[in-house]
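Structure at a glance
So you can see what is in the structure, the chains are spelled out below.
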Amino acid sequence: MSQESVSPHALPFPPLTRGWGWLAWLSTTDHKKIGILYMVTSLFFFGVGGIEALLIRIQLATPEAKVLTPQEYNAIFTMHGTTMIFLVVMPLFIGIANYLVPLMIGARDVAFPRLNALGFWVFLLGGIVIYLALFTGSLADAGWFSYAPLSEAAYSSRPGVDYWIVGLIEMGVGTIGAAVNLLATIVRYRAPGMTYRRMPLFVWMMMITSLIILYALTPLNAGLIMLLGDRLLHLHFFRANVSGGSAILWQHIFWFFGHPEVYIMALPAFGMMSEVVPVFSRKPIFGYTFVAGSGVAIGLLSFAVWVHHMFAVGLSTPMNAAFSAASMLIAVPTGVKIFNWSTTMFRGKLRLDTPLLFAAAFIIQFVIGGITGTMFAAVPLDWQLTDSYFVVAHFHYVLFGGSMFALWAGVYYWYPKITGRMLNERLGKWHFWLAVIGFNATFFVQHILGLVGMPRRVYTYPNLPGYEAMNMISTVGAFILAAAVVLFLWNLVVSFRRGKPAGDNPWDAWTLEWATNSPPPEHNFEKLPPVRSARPLFDLAHPEIADYLDTHSEAKA
Amino acid sequence: MDRLYSTVASVLSPASPYARDIGHLFWITFWISMVILLFVSAFVIFNLVRFRDRGEGGLPPQTHGNTVVEVTWTVVPLVILIVLFVLTVQTMAAVSPSTKTTANALNVDVVAHQWWWEFRYPDGDVVTANELHIPVGRTIHLTLTSADVIHDFWVPELGRKMDAVPGHPNTMIIQADRPGTYLGTCAEYCGTDHAWMRIRVVAQTPDAYQAWLTAQAQPHAQPANAKQAIGRGLFVGLTCSSCHTIKGSGATASKDVGPDLTHLADRDTLAAGVIANTPENLRQWLADPNSIKPGSYMPDLHLSSQQLDALVAYLEEQP
Ligand SMILES: [Cu+2]
């Protein structure tokens, strides 16, 4: 690559401060800058949510500890969940998608640049609002799913919950804006030749995710407005003891959003996996059509499984059984993806760089989260294990061991495109191993804690046999994980200034974002290569065995 | 403290037919899961080791997929899941109330409060708190409701968990094979003191249970000495009796805001499991409830030392 001889310091910094200096960031409608705004915001909140997690683990390290008061603990776990979901994982994916989707489909910008900017700022406002409650002396403390009637004024009289509701509504509005924009961009702005069957799988997954966002966040916002009405206007949608009110109605509305939400945080991860694994295996993805199709199946099924969060509520047996079946069914397309990624590696030439390490750990950890998920679909097991530490372990395996690890794979993979410099591999390896050890130490024992009867969301616990030791292991693990995160953030910072220059296509990858400069110019591309298969740059480099040459059954796609 | 929590409360040591049925299902899914996990992890690790790029250059064969393989790994999991679903439906029926399981059952009403449990025995005019006495070998049919927010009744060794939802009564069954104390807890986040909403189920032989029930149906003993008489006076005279009932004290609470205290002396713990029920602990609890269970709805009534002594003597039926 031509850049190889250039000294790192001779390279221009990414054009962060063009226009009117830093102010340009406030008015920008460039999808790349908005993407960076999302990413930086979520990294900031990652720090906040991480500190909350450490406080939780400090309080729980020993039985009957008094580091935090119950009120403080309850506010902190509520904010930890809310922050990690709405202010970290979702915006990190949306930010990366904002940056990459137009590049991956060979577009100049997104369909609605101003809506895109508006979406980000409204989202950020929401994030600020939920924490603004601090100035009233109370933070939301009804849990991230704010079950009525606990979240009603009668039981949560302080304003923290009101701020939480308003903030969430704003984040919902912003996110819906982002989804509309992504969807329109993908549908309308693909490069000539890029049919749906030649679209990068990350784009496929973002398309499905955007659709899920449209249908899941809208009912959430409706429910939040109803709850706010209950609290401020004395309506009685969810107040159980007032005529017509139903506490269970809130749960239906919330989980009708809440389960698809899990896939809003998982499908983009699947998309990243489907980009990283092939490139580092030096092979095309195994079963492109099945990976894309199983994503569609997951998207549809995700709206038919919400009651599995409510098996202990006491709904009718047919209802429980039907949702049990649907929840088990969703394991099938998810399994298909797992098999496709691992088979993509089979007989490849694996480059064990940091992105692939994270991707491999993702597969194993996500399988653990997946099989415990299937256990929760078996209603009687849910009746024992839900609301215990087993479920805490389960969803951290899905969201941290899964989504976050995929995000890390993605960040190591695309950071060079975004900044023009490579992340430091040595720090990356340290980050990886500390993360794997810390993550599994923190969350694996929590399966056992749940099995031996420790409920979730308790600010302390009596010292039943084994509780102290297992909680201590979990706390130590959390600090190792925190060290990994610090290394990661440090790597982002030092590599930004001193990283090895990346060149346009440092990984020898095949999708369009690698066909332009790193970082890309404001208008994205000087010129686009022809798109005749899902791997246009592969075709360019290997015309004799190009994908479009129809040498393989799947390639005809 | 340790005496109170020296046993496990484990899903894996079931002590009732219902918990055992769920335990079986757990182990079946566990072993299937293990096979899948081992298979996938071994495959991934094998790939990482075996197909590592050793720098010899060139491209590996560019295979794009294989429909037969795809169909296989769609259908095989589907079959496994169908089996699991059948087992699920069977187990659901086996561990839920039905004419079969509740034919000879003992009915107990459970009312969850922020942050304690009320147990009402309809057949015996008996009301207790936080500690549920049951006869061994007999199905207990619980009807759960809540006085405020959603709670959840969970005693892992005896059966499933079930939410206590205001305005939506639920029923569930538990049973204990052997006498003993089984630990449980509120499992649905219910506010400040969710952590201290513990449950103790005391399973007794049918005879011992019957004797217990008969004793519980009795009113509180009349004061045996002057101190206890003062204690009773305080209980009725201060606001205690507006929140608590003591049968035989001469006052009845208008509503069960706090636990029934008629046979408080019979309980192992105070304040839903925070401390052992000893006279010193009780005194401390009455003197400053917040120091023991921060956030609890039991008020600090700023009692004097003599008042505390008299109340403890009366409540614990101590000479
Ligand atoms: Cu509770």
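Since the structure is predicted, the reported quantities are computational estimates derived from the model, not experimental observations. (Residues numbered from 1 in each chain as written. Chains lettered and ligands numbered in written order. Predicted model: local features only at pLDDT ≥ 70, side-chain atom pairs only at ≥ 80, totals over all residues. Heavy atoms only, no water.)

The complete set of buried residues in helix H8 (residues 305-315) of chain B reads B:Leu308, B:Ala310, B:Leu311, B:Val312, B:Ala313, B:Tyr314 and B:Leu315. Among the residues trailing H8(B), B:Glu317 stands out with phi positive, at a value near 50°. (Buried < 20%, exposed > 50% of the residue type's maximum accessible area, 1.4 Å probe, protein only. Helix = DSSP H or I, 4+ residues; strand = E, 2+ residues; numbered from the N terminus.)

Before going further, it helps to examine the side chain of B:Arg198. Locating B:Arg198 in the fold gives a position in strand S10 (residues 198-204). Of the side chains with opposite charge, B:Glu157 lies nearest to the buried B:Arg198, which makes no salt bridge, at 8.9 Å. Not counting residues up to four positions away in its chain, the partners in contact with B:Arg198 are A:Pro462, A:Leu464, B:Tyr5, B:Trp117, B:Asn130, B:Leu183, B:Gly184, B:Thr185, B:Ala272 and B:Gly273. (Lys, Arg positive; Asp, Glu negative; His and termini not counted. Salt bridge = Lys/Arg side-chain N within 4 Å of Asp/Glu carboxyl O. Contact = heavy atoms within 4.5 Å.)

This part takes up the sheet that holds strand S1 (residues 106-113) of chain B. Residue and element names in this part refer to chain B. What the 5 strands build is an open sheet, ordered S3-S2-S1-S5-S8; its pairing is mixed. Lying at the two open borders of the sheet, with one neighbouring strand each, are strand S3 (126-129) and strand S8 (170-174). The mean angle between the axes of side-by-side strands here comes to 25°, regardless of whether they run parallel or antiparallel. Pairing of S1 with strand S5 (residues 140-146), which is carried by 7 bridges, proceeds in the parallel orientation. Of the residues in S5, the one forming a bridge with valine 108 is leucine 142. Most of the contacts of helix H3 (residues 206-217) go to S3, to which it runs at about 100°, and overall it touches S1, strand S2 (116-121) and S3. (Pairing = 2+ DSSP bridges. Axes fitted to C-alpha atoms, helices over the stretch in contact; angles between N-to-C directions.)

Now for the nonpolar core. Counting residues in hydrophobic clusters, the biggest one holds 285 residues, and the most contacted among them are A:Phe362, A:Phe405, A:Trp408, B:Leu132, B:Phe153 and B:Leu286. When residues of this core are assigned to domains, at least three fall in each of domain 1 (1-52 + 65-211) and domain 2 (226-315) of chain B. Excluding its chain neighbours within four sequence positions, the residues that come into contact with A:Phe405 are A:Phe358, A:Ala361, A:Phe362, A:Gln365, A:Phe400, A:Ala435, A:Val436 and A:Phe439. (Core = buried A, V, L, I, M, F, W, Y, C linked by side-chain atoms within 4.5 Å. Domains from an automatic or database assignment.)

Each protein donor to the copper ion is listed here as B:His151 (ND1), B:Cys186 (SG), B:Cys190 (SG) and B:Met197 (SD); together their distances run 2.0 to 2.5 Å. Coordination at the copper ion is tetrahedral, judged from the 4 donor atoms that bind it and the angles of 90 to 128° they form at the metal. (Donors = N, O, S within 2.8 Å, 3.2 Å for Na, K, Ca; no water. Tetrahedral: all angles 85-135°; square planar, octahedral: opposite > 155°, others 65-115°.)

A word on the sheet that holds S10(B). Residue and element names in this part refer to chain B. Strand order in the open sheet formed by 5 strands is S4-S10-S9-S6-S7, with mixed pairing between adjacent strands. Of all strands in the sheet, those bounded by a partner on one side alone are strand S4 (131-135) and strand S7 (161-164). Taking the axes of each pair of neighbouring strands and ignoring which way they run, one obtains an average angle of 25° across the sheet. Across the sheet, H3 touches S4 and S10, and the angle it forms with S4 is around 130°.

Here we take up the pairing of S5(B). Residue and element names in this part refer to chain B. Across the 7 residues of S5, 5 count as buried, placing the element largely inside the fold. Both S5 and S8 contribute to a ladder of 5 bridges, which runs antiparallel. Looking at the pairing, leucine 144 lines up with asparagine 170 of S8.

What follows deals with the interface of chain A and chain B. Reports of interface size often rely on the accessible area that becomes lost once the parts have come together. Contact residues are listed per partner, giving 98 residues for chain A and 88 residues for chain B. For the pair chain A and chain B, the summed buried surface comes to about 7,800 Å²; carbon and sulfur atoms form 71% of the total. Across the chain A-chain B interface, the total number found is 0 salt bridges. Summed over the shared surface of chain A and chain B, the number is 24 residue pairs in polar contact (both at pLDDT 80 or more). Mapped onto the side of chain A that touches chain B, the elements with two or more residues apiece are helix H3 (70-104), helix H7 (247-281), helix H8 (288-301), helix H9 (317-329), helix H10 (331-345), helix H11 (354-377), helix H12 (379-385) and helix H14 (425-451) of chain A. (Buried area = accessible area lost by both parts, 1.4 Å probe. Polar contact = N/O pair within 3.5 Å; in protein donor to acceptor, adjacent residues only side chain to side chain.)

To continue, consider a nonpolar patch on the surface. Residues and elements named next belong to chain A. A contiguous nonpolar patch, built from Ile128, Leu132, Leu134 and Phe135 and spanning about 440 Å² of accessible area, is present on the exposed surface. Relative to the helices and strands, leucine 132 is located in helix H4 (residues 113-132). Accessibility expressed as a relative area gives 35% for leucine 132, which makes it partly exposed. (Patch = residues over 30% accessible without salt bridge, like charges linked within 9 Å, V, L, I, M, F, W, Y side chains within 5 Å. Areas by Shrake-Rupley, 256 points an atom, 1.4 Å probe, with all protein chains shown as cover.)

What follows deals with a positive patch on the surface. Among the surface-exposed residues, A:Arg347, B:Arg50, B:Arg52 and B:Arg54 lie close enough to one another that they form a single positively charged patch. In this structure, A:Arg347 sits in the loop between H10 and H11. Given the relative accessible area of 54%, A:Arg347 is considered exposed. (Charge placed at Lys NZ, Arg CZ, Asp CG, Glu CD.)

It is worth spelling out the domain arrangement of chain B at this point. Residue and element names in this part refer to chain B. Considered domain by domain, chain B is made up of domain 1 (1-52 + 65-211) and domain 2 (226-315). Centre-to-centre separation of domain 1 and domain 2, based on C-alpha positions: 33 Å. Contacts between the two partners involve 23 residues from domain 1 and, on the opposite side, 21 residues from domain 2. Interface area, domain 1 with domain 2, both sides summed: about 1,800 Å², of which 50% is carbon and sulfur. Of the charged contacts, one joins aspartate 268 and arginine 200 as a salt bridge, the two residues approaching to 3.4 Å between their closest N and O atoms. Inspection of the domain 1/domain 2 interface yields 9 residue pairs in polar contact (both at pLDDT 80 or more). Mapped by element, the contributors of at least two residues to the side of domain 1 that touches domain 2 are S2, S3, S4 and S10.

Our next topic: the packing of H14(A) against helix H15 (residues 467-498) of chain A. Residue and element names in this part refer to chain A. Running from N to C, H14 and H15 point in directions that differ by 155°, and their axes come no closer than 7 Å. Here H14 lies roughly antiparallel to H15, going by the angle between them. Between H14 and H15 the crossing geometry is left-handed. Its residues assigned to classes, the contact of H14 with H15 comprises 23 nonpolar, 9 polar and no charged. (Parallel < 35°, antiparallel > 145°, perpendicular 65-115°, else oblique. Left-handed = near helix turned anticlockwise from the far one by under 90°. Nonpolar A, V, L, I, M, F, W, Y, C, P; charged D, E, K, R; others polar.)

Here the bond from A:Ser518 into A:Pro519 is cis, since omega is -10°, no more than 30 degrees from zero. Across the junction of B:Gln114 and B:Trp115, the peptide omega takes the value 5°, indicating a cis bond. Mapped onto the elements, B:Trp115 comes out in the loop between S1 and S2. Of note in the backbone geometry, A:His234 takes a positive phi value of approximately 55° without being a glycine. Examined against the element boundaries, A:His234 turns out to sit in the loop between helix H6 (201-233) and H7. What makes A:His234 exposed here is its relative accessible area of 56%.

Before going further, it helps to examine the pattern of salt bridges. Residues and elements named next belong to chain A. The tally for this structure, following the rule as stated, stands at 10 salt bridges over all chains. Linking arginine 231 and aspartate 162 is a salt bridge whose minimum nitrogen-to-oxygen distance equals 2.6 Å. Here arginine 231 is found in helix H6, whereas its partner aspartate 162 is found in helix H5 (residues 160-188), with 69 residues between them in sequence. The same class applies to arginine 231 and to aspartate 162, which are both buried.

We now examine the pairing of strand S9 (residues 180-186) of chain B. Within a regular strand, side chains alternate between the sheet's two faces. Residues and elements named next belong to chain B. S9 sits mainly inside the fold: 5 of its 7 residues count as buried. In this structure, strand S6 (residues 151-154) lies alongside S9, joined through 2 bridges in antiparallel fashion. Bridging across to S9, tryptophan 154 finds its partner in threonine 185. Pairing between S9 and S10: 6 bridges, direction antiparallel. Paired with glycine 180 across the strands is alanine 203, a residue of S10.

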